[in-house]
Amino acid sequence: MFRIAMALAATAMIASPVVAAPCKDAKGKFIKCPPKASTKVTGKCRNSKGQFAKCGTPGAKPA
């Protein structure tokens, strides 16, 4: 009986919908989360063949 109850509780926790990311201000109130900063990779370039190359070499484009 106990095992069945534990299995149902685990299933309920997995199946429950995920709430939007909770963001709080300094006072503890829920606010709209700020947009995530873009993860721009610098220092990675590829040549015309698709291989990694140093940025600044002729034909290299940012990856």
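Since the structure is predicted, the reported quantities are computational estimates derived from the model, not experimental observations.

Each value, and the rule that gives it
- Residues numbered from 1 in each chain as written.
- Predicted model: local features only at pLDDT ≥ 70, side-chain atom pairs only at ≥ 80, totals over all residues.
- Heavy atoms only, no water.
- Helix = DSSP H or I, 4+ residues; strand = E, 2+ residues; numbered from the N terminus.
- Buried < 20%, exposed > 50% of the residue type's maximum accessible area, 1.4 Å probe, protein only.
- Areas by Shrake-Rupley, 256 points an atom, 1.4 Å probe, with all protein chains shown as cover.
- Pairing = 2+ DSSP bridges.
- Phe/Tyr/Trp six-rings, centres within 6.5 Å; stacked < 30°, edge-to-face > 60°.
- Lys NZ or Arg CZ within 6 Å of the ring centre and 35° of its normal.
- pLDDT = per-residue confidence, 0-100.
- Contact = heavy atoms within 4.5 Å.
- Polar contact = N/O pair within 3.5 Å; in protein donor to acceptor, adjacent residues only side chain to side chain.

**Q** Would you explain the overall build of the chain in this entry?
**A** Of the regular secondary structure elements, the chain holds 1 helix and 5 strands. Helices and strands in the chain line up, N terminus first, as α-β-β-β-β-β. Per-residue burial for the chain yields a buried fraction of 3% across its 63 residues. Of the accessible surface of the chain, which amounts to about 6,300 Å², a share of 65% is contributed by carbon and sulfur atoms.

**Q** I keep staring at the sheet that holds strand β3 (residues 45-46) and nothing clicks. Help me out?
**A** Paired through their backbone hydrogen bonds, the strands of a sheet run either parallel or antiparallel. Taking strand neighbours across the sheet as the criterion, the 3 strands line up as β4-β3-β5 in an open arrangement whose pairing is antiparallel. Here the strands that pair on one side only, and so sit at the sheet edges, are β4 (52-53) and β5 (61-62). Pairing between β3 and β5: 2 bridges, direction antiparallel. If you follow C45 over to β5, its bridge partner there is P62.

**Q** Any chance you could explain the packing of aromatic side chains here in plain terms?
**A** Within this structure, the stated rule accounts for 0 aromatic pairs. Across from the ring centre of F52, 5.4 Å away, lies the NZ or CZ of K44, which sits over that ring. Positioned above the aromatic ring of F52 is the side chain of R46, whose terminal nitrogen or guanidinium carbon lies 4.1 Å from the ring centre.

**Q** How do you make sense of the confidence of the model for the chain when you look at a structure like this?
**A** The predicted structure's coordinates, where accompanied by low pLDDT, should not be read in detail. Averaged over all residues, the pLDDT of the chain equals 75, while 57% of them reach at least 70. For the chain, the element scoring lowest by mean pLDDT is helix α1 (residues 2-15), at 59; strand β2 (residues 30-31) scores highest, at 92.

**Q** How do you make sense of the environment of T57 when you look at a structure like this?
**A** Topologically, T57 is positioned in the loop between β4 and β5. On the basis of relative accessible area, T57 is assigned to the partly exposed category, the value being 33%. As for T57 and R46, which are separated by 11 residues in sequence, their C-alpha atoms are 9.6 Å apart.

**Q** Help me understand the environment of R46, please; the structure alone is not making it clear to me.
**A** Mapped onto the elements of the fold, R46 is located in strand β3. Residue classification places R46 among the partly exposed residues on the basis of a relative accessible area of 35%. Considering only alpha carbons, one finds R46 and A63, 17 residues apart in sequence, at a separation of 5.8 Å. R46 has contacts with Q51, F52, A53, G59, A60, K61 and A63, leaving out every residue within four places of it along the chain. In terms of polar contacts, R46 uses its side chain to reach the backbone carbonyl oxygen of G50, at 2.6 Å.

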